[in-house]
Amino acid sequence: MIQPASDTFRVLHVSTGNVCRSPITERLTRHALDDRLGDARSGGIVVESAGTWGHEGAPMEDHAAEVLVEYGADTDGFRGRELIDDHVIRADLVLTATRDHRAQVISMGHSAGLRTFTLKEFTRLVRAIDAATLPDPRSAEGVVERARALVQAAAALRGWLLAPDPEADEIYDPYGAPIPYFRTVGDEISKALDPVVTAMTGVPART
């Protein structure tokens with residue numbers, strides 16, 4: 001059952017086919033949230049994914065699923081989705097694999113510009129935000145409020161903290177590549193997600 005909008009913060013991960021990068025990012029985000037907050041408290045944050053050329057109804061690529069299993073993340077029940085307006089309208093935060101995906105989401109309208117970032121861009125901005133300025137995350141409502149404040153703070157910093165080069169904000173498509181490349185992409189995504197989930201929840205990763 002979908003929670004009321006006031007009690008929910010929706011994260012939307014976007015790539016091209018929604019069978020490689022965005023499924024990995026979606027399920028790693030869910031895994032990190034559950035690990036740090038537990039199922040009950042992480043329920044206030046809903047994590048989804050879609051593709052700009054999404055393979056509607058398709059399972060994730062086998063190598064993507066294998067990478068997720070290696071991280072201990074859940075692979076069950078995934079089906080690819082074509083990105084549509086409603087996904088963007090409902091999302092509080094859109095994180096894309098590349099700058100091109102970001103531009104495509106923003107071009108759909110719906111005032112998406114201030115809440116759409118590449119994943120690596122958002123990570124860079126989040127690292128610069130003083131966690132002490134964010135709301136207390138110690139309840140489900142607090143995590144949702146904190147996540148909203150985090151997006152606003154990141155948007156305010158965007159013009160000041162530019163990428164050292166355009167490639168720094170890209171996560172390249174592993175579609176059709178062997179499993180070692182998928183593992184490299186999984187590691188890249190995991191490292192980018194860690195500071196984001198820490199900032200969102202106020203809980204660092206377990207060591």
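Now for a look at the structure at hand. (Residues numbered from 1 in each chain as written. Predicted model: local features only at pLDDT ≥ 70, side-chain atom pairs only at ≥ 80, totals over all residues. Heavy atoms only, no water.)

A few points about helix 7 (residues 179-201)
In a regular helix each residue adds 1.5 Å, so 23 residues correspond to 33 Å; helix 7 covers 31 Å between its end C-alpha atoms and thus fits that length. Of all the bends found along helix 7, the most pronounced is centred on Leu193 and spans about 30 degrees, while Pro195, a proline, follows it within four residues. Phi turns positive, to about 75 degrees, at Gly202, one or two residues after helix 7. (Helix = DSSP H or I, 4+ residues; strand = E, 2+ residues; numbered from the N terminus. Expected span 1.5 Å × (residues − 1). Bend = angle between axes of the 7 residues up to and from the residue.)

Side note on the environment of Gly38
With respect to the element layout, Gly38 can be found in helix 1 (residues 21-42). With 12 residues separating them along the chain, Gly38 and Ala50 place their C-alpha atoms 25 Å apart.

Here's the deal with the layout of surface pockets
A probe matching the size of a water molecule, rolled over the atoms, marks out where space remains unfilled. Its boundaries defined by the atoms lining it, the largest pocket holds a volume of some 210 Å³. Leu28, His31, Ala32, Asp35, Arg36, Tyr71, Ser190, Leu193, Asp194, Val197, Ala205 and Arg206 together form the lining of the largest pocket. In terms of residue count, helix 1 provides more of the lining of the largest pocket than any other element does, five residues in total. (1 Å grid on protein atoms, 1.4 Å probe; cavity = no way out; pocket = protein on both sides within 12 Å on 5 of 7 lines; lining within 4 Å. Points joined across faces, edges and corners; volume = space filled by probe spheres on them.)

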